[in-house]
Amino acid sequence: MPPHINAATLYMRTLITNISHLFQTEDHNDTPILKVAGSAMAEISSITNAWLLLQDGYIHSFGAMPTLPDVHADEYIDATGRMVLPAWCDSHTHIVFAAPRDGEFRDRILGISYEEIARKGGGILNSAKRLNEMDEDELYDGSLQRLYNVMQQGTGAIEIKSGYGLCLEGELKMLRVIRRLKEQVGIPIKASFLAAHAYPMAYKENKAAYIDLIIDEMLPVVAGEGLADYMDAFCEQGFFGIEETERLLEAGWKYGLKPKIHANQLHYSGGVQVGVKHNALSVDHLECVGDAEIEALKHSNTMPVLLPGAAYFLGIQYQPARRIIDAGLPVCLASDYNPGSCPSGNIPLLLSIACTQLKMTPEEAIHAVTINGAAAMELANDMGTIRVGKKASIILTHKMSSLAYIPYDYGNNPVYKLIR
Ligand code: NIG
Ligand code: FE
């Protein structure tokens, strides 16, 4: 967008009135909420019959309709019958990819497992081949389309990973596409460097050499160009082991890249403990979580991020969300949008899966995709609740009567408008 268009929106005021319920409101005199954990996840603050004033891209003020001041605005929205809540913060995606993998979908239905497909050179390696053959503009166009789609479903901030390049050139291509998306779309986007997503065929017999390549040749360039915010690794049996993950995370920290890792999807691999040990911002997937993992998380600031869309699509066990919440921990939900294990970034559908399969209540699930999603991207000061001074990044719903209607009405889009 040319600069003068941004400048024009700078002086814009939008007044939304007659909002049936304004959810996740925070009083600006209170200490800011940076994440919500344990039993607190069951409660969502709200104002019934409310107004909300947005100015210059930020939340200016809000309250109950009887307190509406006499203000002039450039745009007026009558939200009668509609609800307002903070936009979704999707903290784990791989939306920059070249091509779908619907052929492997068929193979899996016929009984070949995700891990077997990967061992045979399909899976992530299949995606890497396609991505390395594709030019940057085409990759950008497809990714932008997917990003616009998820924004229509209410996503207002997103994390995107590299990891389908698996060589310096390919990883840089992906990270540059992420940077272009950031410039084009204007919602907060965080980038994670995930060269440790799978071993390229040429390194199958010499895994240490690939770790060296990542640490000695890729990381310095990626960090030097400021292309990544976080360091990721697929810590899993058959992918990157504990020692390899530790080397990678230590190297990332040297460049100021906080860890944000894939852990415990397919096995009790020790990934959660490694993430906690290295002060990971989040550990993601967590299908395999028991007492030891919960104990480790309790003594940390690491956010447990559950990706039930991937469990759904792979037909594997779901994450034990109830045990994690009942242990007093926060839970974040994210889409994992990627061509292999979860070809969807649809957060409303994810909310339904979280309620029906993980037995999270609608309130818990909403916290998990708003403020806890923001926390898992270090955006909690800007996003995730309705608080004066935060970004005007909000969802105006279709006409509906309750928060529970969003996950209840599964398969349909509750979003009437994403305002940002
Ligand atoms: O989070 N688990 C590793 N990475 C992705 C899947 C990537 C792929 O299959 O392309 C995930 O599920
Ligand atoms: Fe993932």
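Residues numbered from 1 in each chain as written. Chains lettered and ligands numbered in written order. Predicted model: local features only at pLDDT ≥ 70, side-chain atom pairs only at ≥ 80, totals over all residues. Heavy atoms only, no water.

1. Digging into the pattern of salt bridges
Keep this limit in mind: Counted as salt bridges are all cases of a side-chain nitrogen of Lys or Arg within 4 Å of a carboxyl oxygen of Asp or Glu. With a 1.4 Å probe rolled over the protein chains alone, any residue whose accessible area is under 20% of its type maximum counts as buried; one over 50% counts as exposed, and the rest are partly exposed. For the purposes of this entry, the term helix denotes a DSSP run of H or I that reaches at least four residues, the term strand denotes a run of E that reaches at least two, and both are numbered from the N terminus.
Going through the model one piece at a time under the given rule, you end up with 15 salt bridges. The residue glutamate 159 makes a salt bridge to lysine 161 at a minimum N-O spacing of 2.7 Å. What makes glutamate 159 buried here is its relative accessible area of 0%. In this structure, arginine 247 and aspartate 212 form a salt bridge, with 2.9 Å as the shortest nitrogen-oxygen distance. One end of the pair, arginine 247, is in helix H8 (residues 242-254); the other, aspartate 212, is in helix H7 (residues 207-224), and 35 residues separate them in sequence. Judged by its relative accessible area of 31%, aspartate 212 is partly exposed. Connected through shared salt-bridge partners, Glu26, Arg387 and Lys390 make up one network.

2. Comments concerning a nonpolar patch on the surface
Put simply, the rule reads: Residues forming no salt bridge and having over 30% relative accessible area are the ones grouped into patches, like charges within 9 Å of each other and nonpolar side chains (Val, Leu, Ile, Met, Phe, Trp, Tyr) within 5 Å. Note on areas: Shrake-Rupley, 1.4 Å probe, and residue coverage restricted to the protein chains presented here.
Side chains of Phe105, Ile109 and Leu110 sit close together on the surface and give an oily, nonpolar patch of about 340 Å² of accessible area. With respect to the helices and strands, the residue leucine 110 is situated in the loop between helix H2 (102-109) and helix H3 (114-119).

3. Looking at the packing of helix H13 (residues 347-357) against helix H14 (residues 362-369)
The description of two helices packed together rests on the angle between their axes and the distance between the axes. Counted only if it meets this: For every element, the axis is a line fit to its C-alpha atoms; helices are fit only across the contacting stretch, and the angle between N-to-C directions ranges from 0 to 180 degrees. We call two directions roughly parallel when the angle between them is under 35 degrees, roughly antiparallel when it is over 145, roughly perpendicular when it lies between 65 and 115, and oblique otherwise. Left-handed describes a crossing in which the near helix is turned anticlockwise from the far one by less than a right angle; the clockwise case is right-handed. Throughout, a contact is declared for two residues whenever any of their heavy atoms are within 4.5 Å. Three classes are used: nonpolar for Ala, Val, Leu, Ile, Met, Phe, Trp, Tyr, Cys and Pro, charged for Asp, Glu, Lys and Arg, and polar for all others, with Gly counted as polar.
Here H13 crosses H14 at 135 degrees, and the two axes come no closer than 9 Å. Taken together, the axes of H13 and H14 are oblique relative to one another. When you trace H13 past H14, the crossing you get is right-handed. Only Pro362, Ala365, Ile366 and Val369 of H14 make contact with H13, whose side of the interface consists of Ile347, Leu350, Leu351, Ala354 and Cys355. When the residues that make up the contact of H13 with H14 are grouped by side-chain class, the tally is 9 nonpolar, no polar and no charged.

4. Quick look at the coordination of the iron ion (ligand 2)
Metal coordination angles have textbook ideals: 109.5 degrees for a tetrahedral set of four donors and 90 or 180 degrees for an octahedral set of six. Test applied: Sites may look incomplete because water is not among the atoms; the donors themselves are N, O and S atoms within 2.8 Å of the metal, or within 3.2 Å for Na, K and Ca.
Distances from the iron ion (ligand 2) to its protein donors, His92 (NE2), His94 (NE2), His262 (NE2) and Asp336 (OD), fall at 2.1 to 2.2 Å. The motif formed by the donor residues of the iron ion (ligand 2), counted along the single chain, is H-x1-H-x167-H-x73-D. Of this pair, histidine 92 sits in the loop between strand S6 (88-90) and H2 while aspartate 336 sits in the loop between strand S13 (332-333) and H13; the two residues are 244 residues apart in sequence, bridging distant segments of the chain. The buried category is assigned to aspartate 336, whose relative accessible area is 1%.

5. Focus: the site of ligand 1
Rule in force here: Consider each residue's heavy atoms; a residue with any of them within 4 Å of a molecule or strand counts as near. For the purposes of these results, a polar contact is taken to be a pair of N or O atoms within 3.5 Å, where, inside protein, one atom must be able to donate a hydrogen and its partner to accept one; residues adjacent in sequence count only when each atom of the pair is a side-chain atom.
As a matter of local geometry, ligand 1 sits amid 15 residues, with Arg101, Tyr114, Tyr164, His197 and Ser341 nearest to it. Tyrosine 164 places a side-chain nitrogen or oxygen 2.6 Å from an oxygen atom of ligand 1. Contact between ligand 1 and histidine 197: a nitrogen atom at 2.7 Å from a side-chain N or O atom of the residue. Out of a free accessible area of 330 Å², ligand 1 has 100% covered by protein chains.

6. A short note on the packing of aromatic side chains
Let me state the cut-off plainly: Pairing of aromatic rings covers Phe, Tyr and the six-membered ring of Trp, with a centre-to-centre limit of 6.5 Å; geometry is then stacked below 30 degrees between planes, edge-to-face above 60, and tilted otherwise.
A complete count under the given rule lists 7 aromatic pairs for this structure. For the pair tyrosine 199 and phenylalanine 240, a centre-to-centre distance of 4.3 Å together with 25 degrees between the ring planes defines the contact as stacked. Of the two residues, tyrosine 199 sits in the loop between strand S8 (189-196) and H7 while phenylalanine 240 sits in the loop between strand S9 (230-235) and H8, which places them 41 residues apart along the sequence. Each member of the pair, tyrosine 199 as well as phenylalanine 240, is classed as buried. Judged by centre distance (4.2 Å) and plane angle (40 degrees), the rings of phenylalanine 234 and phenylalanine 239 are tilted.

7. Description of the sheet that holds strand S10 (residues 258-263)
Where we set the bar: For two strands to be treated as a pair, DSSP must find at least two bridges joining them.
Overall, parallel pairing links the 8 strands, which are arranged S6-S7-S8-S9-S10-S11-S12-S13 in an open sheet. Edge positions in the sheet fall to S6 and S13, since each of these pairs with one other strand and no more. The pairing of S8 with S9 spans 3 bridges and is classified as parallel. Counted as the bridge partner of alanine 196 is alanine 233 from S9. Contacts from H7 reach S8 and S9, with the element oriented near 150 degrees to S8. Sheet strands touched by H8: S8, S9 and S10. Its angle to S9, the strand with the most contacts, is close to 175 degrees.

8. A word on the domain arrangement of the chain
In plain terms, the rule: Delimitation of the domains relies on an automatic or database domain assignment. Defined in terms of a 1.4 Å probe, buried area is the accessible area two parts forfeit on being brought together, summed over both.
The domains assigned to the chain are domain 1 (5-86 + 385-419) and domain 2 (89-375). Here the C-alpha centroids of domain 1 and domain 2 sit 29 Å apart. Both sides together, the interface formed by domain 1 and domain 2 hides about 2200 Å², and carbon and sulfur atoms give 69% of it. Three residues, Lys35, Met41 and Pro407, lead the burial of domain 1 against domain 2; their summed loss comes to 27% of the area buried on that side. Remark: the boundary between domain 1 and domain 2 carries 0 salt bridges.

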